[in-house]
Amino acid sequence: MSATGRIHSWDLSTGVDGPGTRFVLFVSGCPLRCLYCANPDTWHMRDGQETTADAVMAEIEKYRGFVTTAGGGVTLTGGEPLLQPAFTAAVLRRCKEAGLHTALDTSGFLGARATDELLGDTDLVLLDIKSFDITTYKKVTGGALAPTLSFATRLSRLGIPVWIRYVLVPGWTDDETAVDGLGTFLSALPNIERVDVLPFHKLGAHKYDALGLDFPLRNAPVPDRNLTERVRRQFREHGLRAV
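Only a predicted model underlies this, so the values are computations on that prediction, with no experimental measurement involved. (Residues numbered from 1 in each chain as written. Predicted model: local features only at pLDDT ≥ 70, side-chain atom pairs only at ≥ 80, totals over all residues. Heavy atoms only, no water.)

A. Region of interest: the overall build of the chain. When helices and strands are counted, the chain shows nine helices and eight strands. For 243 residues, the compact-globule estimate of 2.2 N^0.38 gives 18 Å, and the chain sits close to it at 17 Å. Overall, the C-alpha framework of the chain stretches about 50 × 45 × 30 Å when taken along its three principal axes. The contacts in the chain between residues at least 6 apart in sequence include a share of 72% that link residues at least 24 apart. About 10,700 Å² of surface is accessible on the chain, with carbon and sulfur atoms providing 53% of the total. Across the chain, the 26 positively charged side chains and the 28 negatively charged ones have centroids separated by 1 Å. (Helix = DSSP H or I, 4+ residues; strand = E, 2+ residues; numbered from the N terminus. Rg over C-alpha atoms; globule rule 2.2 N^0.38 Å. Contact = heavy atoms within 4.5 Å. Areas by Shrake-Rupley, 256 points an atom, 1.4 Å probe, with all protein chains shown as cover. Lys, Arg positive; Asp, Glu negative; His and termini not counted. Charge placed at Lys NZ, Arg CZ, Asp CG, Glu CD.)

As structure tokens, this is what we get:
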């Protein structure tokens, strides 16, 4: 019997969800409530569409030639894919059996739910670390930082390649001490291939309006080029590849 799960949607993307052109599956449900979340419509599993791993693979196969020719693969994101670990594991396993490169985009907050078998079918983890300051992390996400750091350490122990994703929000995640602390932590993990410093944007604001929700950072400034380059430089000073 094919594993079942709930998904929001899927899309094709290039350059932001892993190497090459990706088939990106948005899995429904997330335990965090990040202030800058661009996809509030993926927060609740109940709002997703029920589907099966078989159905997902049938859709992926339609685009196999396109994504493999472009050196890409399949990325599971959300929401938070590890909120539905059995379904996520089934899709990753099927993708690996089909010879497709796999990536898992996760906050790491539910990293303990990822079995070694699930991670064994994952070629790349896109790990979102929201802040290295415990208090700031709690304010930004509503959750705790420790599970993500523990998951990062586990991924290093397993030798799974990781791209760090760090959303830069002026006044929230730009603190120099916190950035340096994260740089020090990451520099001790040999599996970190790069750090993506992602400037905060407001492209998801209209989704909050449609859902009747308040967008907490509607009036927050976006980072300018100088701030973005300063943070990238800080990571580079720790020997990390920051882009």
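B. Region of the structure containing the layout of surface pockets. Each pocket or cavity is described by its volume, and for the largest pocket that value is around 1,100 Å³. As for the largest pocket, its lining consists of 44 residues, and the residues nearest its centre are A38, N39, D105, R165 and H201. Going through the elements one at a time, β1 (4-14), β2 (21-27), β5 (101-106), β7 (162-168) and β8 (192-199) are the ones with two or more residues in the lining of the largest pocket. Residue contributions to the lining of the largest pocket peak at five residues, all from β1. Taken together, the residues of the lining of the largest pocket break down into 18 nonpolar, 14 polar and twelve charged. (1 Å grid on protein atoms, 1.4 Å probe; cavity = no way out; pocket = protein on both sides within 12 Å on 5 of 7 lines; lining within 4 Å. Points joined across faces, edges and corners; volume = space filled by probe spheres on them. Nonpolar A, V, L, I, M, F, W, Y, C, P; charged D, E, K, R; others polar.)

C. Molecular detail of the nonpolar core. L186, V195 and F235 are the most contacted members of the largest nonpolar core, which totals 45 residues. When residues of this core are assigned to their parent elements, the largest contribution, five residues, is made by helix α3 (residues 85-97). Contact partners of L186, with chain neighbours within four places excluded, come to I129, I164, I192, V195, F235 and L240. Core analysis: the next-biggest nonpolar cluster, separate from the first, contains 19 residues, Y36, L149, V167 and L217 among them. (Core = buried A, V, L, I, M, F, W, Y, C linked by side-chain atoms within 4.5 Å. Buried < 20%, exposed > 50% of the residue type's maximum accessible area, 1.4 Å probe, protein only.)

D. How the structure looks around the sheet that holds β7. Read across the sheet, eight strands follow the order β3-β1-β2-β4-β5-β6-β7-β8 without closing on themselves; strand pairing throughout is mixed. The open sheet terminates on both sides in strands that have one partner only, identified here as β3 (49-52) and β8. Pairs of neighbouring strands in the sheet enclose a mean axial angle of 30°, with direction left out of account. Pairing of β5 with strand β6 (residues 124-128) involves four bridges; the strand directions are parallel. Along β6, the bridge assignment pairs D105 with L126. Its contacts with the sheet put helix α6 (residues 146-158) on β5, β6 and β7, and the angle it makes with β6 is roughly 160°. (Pairing = 2+ DSSP bridges. Axes fitted to C-alpha atoms, helices over the stretch in contact; angles between N-to-C directions.)

E. Local environment of helix α9 (residues 225-236). For α9, with twelve residues, the first-to-last C-alpha span of 16 Å sits near the 16 Å given by 1.5 Å per residue. On its buried face, α9 sits against β7, α7 (176-187) and β8. One side-chain oxygen at the N-terminal end of α9 lies 3.2 Å from the backbone nitrogen of N226; it belongs to D224. (Expected span 1.5 Å × (residues − 1). Polar contact = N/O pair within 3.5 Å; in protein donor to acceptor, adjacent residues only side chain to side chain.)

F. Structural view of the environment of L25. Take L25: it is sitting in strand β2. Residue classification places L25 among the buried residues on the basis of a relative accessible area of 2%. Along the chain, L25 and V74 lie 49 residues apart, while their C-alpha atoms are 7.6 Å from each other.

G. Spatial organisation of the packing of aromatic side chains. This model, assessed by the stated rule, comprises seven aromatic pairs. For the pair W10 and Y63, a centre-to-centre distance of 5.1 Å together with 50° between the ring planes defines the contact as tilted. Separated by 53 residues along the polypeptide, W10 in strand β1 and Y63 in the loop between α1 (53-62) and α2 (64-69) bring together distant segments of the chain. Relative accessible area serves as the criterion here: at 33%, W10 is assigned to the partly exposed category. Classification of Y63 as partly exposed rests on a relative accessible area of 24%. (Phe/Tyr/Trp six-rings, centres within 6.5 Å; stacked < 30°, edge-to-face > 60°.)

H. The arrangement of the pattern of salt bridges in detail. What the rule picks out here adds up to 15 salt bridges. When the shortest N-O distance is used, the salt bridge between D17 and R165 registers 4.0 Å. Linking D17 in the loop between β1 and β2 with R165 in strand β7, this pair joins segments that are 148 residues apart in sequence. Accessibility classification places D17 together with R165 in one group, the buried group. Residues E59 and K62 are paired through a salt bridge, measuring 3.3 Å at the closest nitrogen-oxygen approach. (Salt bridge = Lys/Arg side-chain N within 4 Å of Asp/Glu carboxyl O.)

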